[in-house]
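Single-letter residue listing:
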4 protein chains.
Amino acid sequence: MLNVAICGATGYTGYEIIKILLKHPKVTIKTLTAKLDRPTKIAEVFGEFQGKLDMLCEDLVVNDLVKKKIDLVFLALPHRVSMEFAPKFLEKGIIVIDLSADFRIKDYKVYEEYYGQKHIYKSYLKASVYGLPELYKQKIKKARLIANPGCYPTASILSLAPIVSKKLNDKSKIIVDAKSGVTGAGRKADIGLIFGEVAENMKAYKIGVHQHAPEIAQELSNAAGKKIDILFTPHLVPLKRGILTTSYVNLKTKTNLKKLLTLYKSFYTKEPFVKIYDEGRLPQVQDVVNTNYCGIGIALSEDKKCAIIVSAIDNLGKGASGQAIQNMNLSCGFKETEGLL
Amino acid sequence: MLNVAICGATGYTGYEIIKILLKHPKVTIKTLTAKLDRPTKIAEVFGEFQGKLDMLCEDLVVNDLVKKKIDLVFLALPHRVSMEFAPKFLEKGIIVIDLSADFRIKDYKVYEEYYGQKHIYKSYLKASVYGLPELYKQKIKKARLIANPGCYPTASILSLAPIVSKKLNDKSKIIVDAKSGVTGAGRKADIGLIFGEVAENMKAYKIGVHQHAPEIAQELSNAAGKKIDILFTPHLVPLKRGILTTSYVNLKTKTNLKKLLTLYKSFYTKEPFVKIYDEGRLPQVQDVVNTNYCGIGIALSEDKKCAIIVSAIDNLGKGASGQAIQNMNLSCGFKETEGLL
Amino acid sequence: MLNVAICGATGYTGYEIIKILLKHPKVTIKTLTAKLDRPTKIAEVFGEFQGKLDMLCEDLVVNDLVKKKIDLVFLALPHRVSMEFAPKFLEKGIIVIDLSADFRIKDYKVYEEYYGQKHIYKSYLKASVYGLPELYKQKIKKARLIANPGCYPTASILSLAPIVSKKLNDKSKIIVDAKSGVTGAGRKADIGLIFGEVAENMKAYKIGVHQHAPEIAQELSNAAGKKIDILFTPHLVPLKRGILTTSYVNLKTKTNLKKLLTLYKSFYTKEPFVKIYDEGRLPQVQDVVNTNYCGIGIALSEDKKCAIIVSAIDNLGKGASGQAIQNMNLSCGFKETEGLL
Amino acid sequence: MLNVAICGATGYTGYEIIKILLKHPKVTIKTLTAKLDRPTKIAEVFGEFQGKLDMLCEDLVVNDLVKKKIDLVFLALPHRVSMEFAPKFLEKGIIVIDLSADFRIKDYKVYEEYYGQKHIYKSYLKASVYGLPELYKQKIKKARLIANPGCYPTASILSLAPIVSKKLNDKSKIIVDAKSGVTGAGRKADIGLIFGEVAENMKAYKIGVHQHAPEIAQELSNAAGKKIDILFTPHLVPLKRGILTTSYVNLKTKTNLKKLLTLYKSFYTKEPFVKIYDEGRLPQVQDVVNTNYCGIGIALSEDKKCAIIVSAIDNLGKGASGQAIQNMNLSCGFKETEGLL
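The shown structure was predicted, so the numbers you read here are calculated from the model rather than taken from an experiment.

**So, the sheet that holds strand S3 (residues 40-41) of chain C**
Residue and element names in this part refer to chain C.
- Strand order in the open sheet formed by eight strands is S3-S4-S2-S1-S5-S6-S8-S7, and the pairing between neighbours is mixed. Only two strands of the sheet have a single partner each, and these edge strands are S3 and strand S7 (129-130).
- Examined bridge by bridge, S7 and strand S8 (residues 145-147) share two bridges and lie parallel to one another. The residue bridging Val129 from the neighbouring strand is Ile146, located in S8.
- This element, helix H1 (residues 12-21), spans strand S1 (2-7), strand S2 (27-33) and strand S5 (72-75) of the sheet and lies at about 160 degrees to S1.

Right, dumping it as structure tokens:
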């Protein structure tokens, strides 16, 4: 049995990791940590765990985890906080799956610009592996520090990697119009997240300055082998879980839908968690909610020169915690789908 | 034109008062106050007011309002804060409509027990008028300090006053099972109010200890001329605006529905904002949302010995701000329905 | 492996049965039936099943199921339709778990009154077992026709059985004020169920005439060994899944909360799917959604003479399909919790 | 007083017209029609109108309306049905405001392609005026047949007319990524619209084939004086009312945001219902819900070569019924904003 700790257990990603691991046959949850006024039972925070996990959320102390012989730690912590703890765990030989953005962006200057803070552990940026199994499976298997992708990037990159890898797109910017449910913003007391402000409302936000834009551009550029420009527009919509992205890709030459779909199916043929929809069908959020799947569907403009690619994920599933477990499975030699089907 | 100030303009009740007053032909909004880091335009807080009300939210300073010749002030402030300001305005000859609970409960010991704080202006409790126009219209017309009722109490009292006034209920407790939308809890950064915790959820809370219970009991006892016991159970449900109460009243003797409905229609015959539903029909939240109406419907148990009374209001309308305007209209000699139809 | 058929696969209860069975290690789904214009793949109806269950929904023909060697059939059919098919399957030796109400109510006259139609298979009423495992486990194990309880009755009965079994309630009616999410009404094109009518709305309905009332009364009377009167008020609230019941029980004598909670814990001590909440805590819908659990919490009125009992279930989980699987497990000799944790 | 009839009074657009007209000082509602099994009071359909409008919904018979001296009729009817009635009213001298699409698209072949039916009154296409006051005010003032725009087109055209009129866009397609609440699909018993399918879900639909695409293209081409290609992607999101469009316009030359905003403010300077947001701010649905306003905000891509234009309307307000009243006001010589502020 693998001994794991979940740091940041009272957030939504921490919650979802616990939920998945409780059904995982090869893992023991040994420690939960959270920043709380007093040690609190996790079942008091999430009533769902009553009778299932009788464990306190404690302060995060590295040595306590070492004493408990933790093999792997999930860092479901705010950006910047992860950065301080990840190296300490790595030094103790503990595998780190970091759900924050701290080790995702390889160019620290881009990180510093978008996250508004210094990167104090640049040396780890090289060693860290971007935890998108569909693109980096072999590296993940050997990684000690896995930078688990953001929710928007997961949906965006999976839906665009095949087309940019094949260099079918022309030089114009790829537009990613993304819509997200509210848990993507985390579980925190923020007036912009309260029901009265979110229900029966909808908005675009952070156009051109959202911190997930450079992450998407980095990975699509890697996939394409050249710089890919994206124009990323996130929207907040009134549902709890789910991301839908609608991307617009101008093509070098006219194409037909069958060919594109064949490319996508072939690209992901061995991937258990990517589903390419048949012609005429598109993924909806309800197809993937509470799962680790990413659904992808494609339509073409009338002139066949623009591909409209729609992807759907659960932002807490494939967009965060599900993917973190998938990475754990790969990194620890378990079956990739263990606990996730 | 009546000059008014709204203190606590950035909460939901403040917002709703502004919205109604912008259409009111006899009122000028002269001042908005709010506790903010810096003076902020109200249209930056509520985009809806852009182009309609170009006014800053300022700090609450009594003398500033005096200088601006305010005639009437709405206190949409937290409990306890209202208590400190109301007397100061009254001393300056400014009429106060207080949306907090500070002057609603006549027995200060009950107030102190349920609100967990000392009452420091007991002397004003006698002069204050409980602002439920359907019960206290004549007093409200002459009042200088109007204690605007709570949202649950408004729905509960209106639906039960006729039956207890006529002393049809037996000695057993009246059960009020109330369900409220989320804006009833105010516009504040509270983790229990965020969309991720409220949507697709539902809960009972504060059974037996909710601060609105003694307010309901006080007014029903007044209406009955004897002590009325209630058992009040509030529930939080995932909608923005709206309260539905379902009350269970055991009757002294069997009755029939027609008689009960006639009693209710007669009780409220002159009231413009109470609608009694015909036999077989019940009010829904969507019948009253965004209005100042209270809808009331009645059903009987099979044995005709228990009346089930359902009422619906908009918690921000008749449950708070609409009612505050109704009180202002009465207090200032305007038509009771001005700005509210 | 047990071969099962799901009749009525395109409704919400059918959907949920499929979802659970896809993870159940001892069951093979052999047939899906639905009333459709043309044979349709289940994954076209529910995108979630794409790549997981490649199966057509066919017309319901008893002999087809016999040929496919079905061992057990789930009838997720409308009331009355089940009634016609259940006997035919039983004659062929196929175990029937009927999610309709057709065999739940033992007194066919009550059934005919509340469901507005003749009962044409009264002879089966005696053989059928009411499928609430917490009350009838031994009978369910041997049953061939299991009448799976309704969603409201499951939540209501589980929350009241201990107190009436111990005869703690006085002679007055027990009030059950129940609130349900929308999927409880089924997956059908009904204008009262569309988003525009349900969202931001809330209503009481069918007071005194809801068909679940006699089912609750029947089972509580059985548990008490005497007639129990209930007053049942259902409400529709804007969420997809979840039922919350708030019941009011007048007690013969004053009691204390500890004693009541001990009784409840003891009553359900061996039950894997009932959770009694500790003093001061109450179940919420989000504690049980997407599970087969029923959460129960208790509060007392100030005078200790009335128990307020709150229960929460997922109407599609413990309130329908989860419970149906639990019944299947019992009836087929599997572990009771198989596929449900 | 203007005598009006509302045909199709039980749909959402009919409902909203009634609601607005009840507060309009110059209009009398004389007739309501609806397709119902029996004549039904409008207050039975929409409880909100109880005590406010005691009127039956009757069958639509042209001569009945003539007898009642109707001056103007709102056709809130399905496509194709409007087409049959509009000419009959016009012949009787009754002004027609048609909320269907039947007279919006000037090229009948395009209409027939997208709506899948013959256009049987082509002769009226020329006389009809496209009822977008911001573009056709003078024509609307004299029109007898006003084709009230669709909801998506209103939001899209208003947000793009200034930029294409000034010919700032290059030759590439303009992308309109639009998100709509559910009432935009009408008030009808459709399984795709029920709460269980819509809540906690989100989807793109009808990409490239939505019937509003040619309407948008027609009007933008008119505004530009040349053919404008658009790529229109509608999405369904879980809220009742509101449309948000996010449009991407590639510019001929780099521009700056101030200049663009100045253009927009100048273009709409005399328009009472269009609000251009200042730099750094974007409209949200909650800014415009329950109003006749359209909010428009703009952002630029980093390279200043692509404008991202966000617009928000209430699909039942400016997107349908509010706009219909605005058209009525213009056509009947009332103040444009009467009843709409």
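**Concerning unusual backbone geometry**
- Phi at Arg80 of chain B takes a positive value of approximately 80 degrees, unusual for a residue other than glycine.
- Mapped onto the fold, Arg80 of chain B is located in the loop between strand S5 (72-75) and helix H4 (81-91).
- Given the relative accessible area of 30%, Arg80 of chain B is considered partly exposed.
- The backbone phi angle of Glu200 of chain C is positive, close to 55 degrees, even though this residue is not glycine.
- Summarising the element assignment, Glu200 of chain C is placed in the loop between helix H9 (195-198) and strand S10 (203-204).

**Some words on the relation of the copies chain C and chain D**
- Of the two same-sequence chains, chain C is brought onto chain D (RMSD 0.0 Å, axial shift 0.0 Å) by a rotation of 180 degrees. The transformation relating the two chain copies, once decomposed into turn and shift, fits a two-fold axis.
- The fraction of interface residues of chain C whose copies in chain D are also interface residues reaches 100%, indicating that both copies meet through the same surface.

**Quick notes on the packing of helix H7 (residues 133-142) of chain B against helix H13 (residues 317-331) of chain B**
Residues and elements named next belong to chain B.
- At a closest axis distance of 9 Å, the pairing of H7 and H13 adopts a crossing angle of 35 degrees. In the crossing of H7 with H13, the sense of the turn from one axis to the other is right-handed. Facing H7, whose interface residues are Pro133, Glu134, Lys137, Ile140 and Lys141, H13 presents Lys318, Gln323, Gln326, Asn327, Leu330 and Ser331.
- Split by residue class, the contact of H7 with H13 holds three nonpolar, four polar and four charged.

**Structural notes on the pairing of S5 of chain B**
Residue and element names in this part refer to chain B.
- Of the two faces of S5, the one lined by Leu72 and Phe74 and the one lined by Val73 and Leu75 are each fully buried.
- Alignment of strand S1 (residues 2-7) against S5, held across four bridges, turns out to be parallel. Bridge pairing in S5 links Ala5 to Val73.
- Here S5 runs beside strand S6 (residues 95-98); their pairing, made up of four bridges, is parallel. In the sheet register, Phe74 faces S6, and the bridge partner there is Ile97.
- Taken together, S5, H4 and S6 constitute a β-α-β crossover, and its handedness is right-handed.

**Comments concerning the interface of chain D and chain A**
- Each partner contributes to the interface: chain D provides 35 residues, whereas chain A provides 35 residues.
- Summed over both sides, the interface of chain D with chain A buries roughly 3,200 Å², with 61% coming from carbon and sulfur.
- Of all residues in chain D, Glu200, Met202 and Tyr248 of chain D bury the most surface against chain A, accounting for 21% of the area lost on that side.
- Counting across the chain D and chain A interface gives four salt bridges.
- In this structure, Asp303 of chain A and Lys173 of chain D form a salt bridge, with 2.7 Å as the shortest nitrogen-oxygen distance.
- For the pair chain D and chain A, the number of links is 23 residue pairs in polar contact (both at pLDDT 80 or more).
- Elements with a contribution of two residues or more to the side of chain D that touches chain A: strand S9 (174-180), helix H9 (195-198), strand S10 (203-204), strand S11 (230-236), strand S12 (243-250), helix H12 (285-288) and strand S15 (306-313) of chain D.
- Top element by residues in the side of chain D that touches chain A is S12 of chain D. It accounts for four residues.
- Split into classes, the residues belonging to the side of chain D that touches chain A amount to 17 nonpolar, nine polar and nine charged.

**Some remarks on the nonpolar core**
- Counting 194 residues, the largest nonpolar core has Phe74 and Met328 of chain A together with Phe74 and Met328 of chain D as its most contacted members.
- The contacts of Met328 of chain D, once residues within four sequence positions are left out, are Leu2, Val4, Leu21, His24, Val27, Leu72, Phe74, Ile97 and Phe334 of chain D.
- Ile18, Ile228, Leu282 and Ala312 of chain C belong to the second largest nonpolar core, which has 193 residues in total.

**Things to note about a positive patch on the surface**
- Taken together, the side chains of Lys167, Lys171, Lys226 and Lys252 of chain A make up a positively charged region of the molecular surface.
- For Lys252 of chain A, the location among the structural elements is in the loop between strand S12 (243-250) and helix H11 (257-267).

**Some thoughts on the relation of the copies chain D and chain A**
- Each copy of the sequence occupies a distinct position, and chain D is placed on chain A by a rotation of 180 degrees and an axial shift of 0.0 Å, giving an RMSD of 0.0 Å.
- When the interface residues of chain D are mapped onto chain A, 100% of them again fall at the interface, so both copies present the same face.

**Quick look at the interface of chain C and chain D**
- Taken together, the contact between chain C and chain D spans 20 residues of the former and 20 residues of the latter.
- When chain C packs against chain D, close to 1,700 Å² is buried across both sides, 66% of that on carbon and sulfur atoms.
- Between Glu197 of chain C and Arg187 of chain D there is a salt bridge, and its shortest N-O distance comes to 3.0 Å.
- Inspection of the chain C/chain D interface yields ten residue pairs in polar contact (both at pLDDT 80 or more).

The rules we used
- Residues numbered from 1 in each chain as written.
- Chains lettered and ligands numbered in written order.
- Predicted model: local features only at pLDDT ≥ 70, side-chain atom pairs only at ≥ 80, totals over all residues.
- Heavy atoms only, no water.
- Pairing = 2+ DSSP bridges.
- Helix = DSSP H or I, 4+ residues; strand = E, 2+ residues; numbered from the N terminus.
- Contact = heavy atoms within 4.5 Å.
- Axes fitted to C-alpha atoms, helices over the stretch in contact; angles between N-to-C directions.
- Buried < 20%, exposed > 50% of the residue type's maximum accessible area, 1.4 Å probe, protein only.
- Least-squares fit on C-alpha atoms with pLDDT ≥ 70 in both.
- Left-handed = near helix turned anticlockwise from the far one by under 90°.
- Nonpolar A, V, L, I, M, F, W, Y, C, P; charged D, E, K, R; others polar.
- Right-handed = clockwise from strand over helix to strand, strands pointing away.
- Buried area = accessible area lost by both parts, 1.4 Å probe.
- Salt bridge = Lys/Arg side-chain N within 4 Å of Asp/Glu carboxyl O.
- Polar contact = N/O pair within 3.5 Å; in protein donor to acceptor, adjacent residues only side chain to side chain.
- Core = buried A, V, L, I, M, F, W, Y, C linked by side-chain atoms within 4.5 Å.
- Patch = residues over 30% accessible without salt bridge, like charges linked within 9 Å, V, L, I, M, F, W, Y side chains within 5 Å.
- Areas by Shrake-Rupley, 256 points an atom, 1.4 Å probe, with all protein chains shown as cover.
- Lys, Arg positive; Asp, Glu negative; His and termini not counted.
- Charge placed at Lys NZ, Arg CZ, Asp CG, Glu CD.

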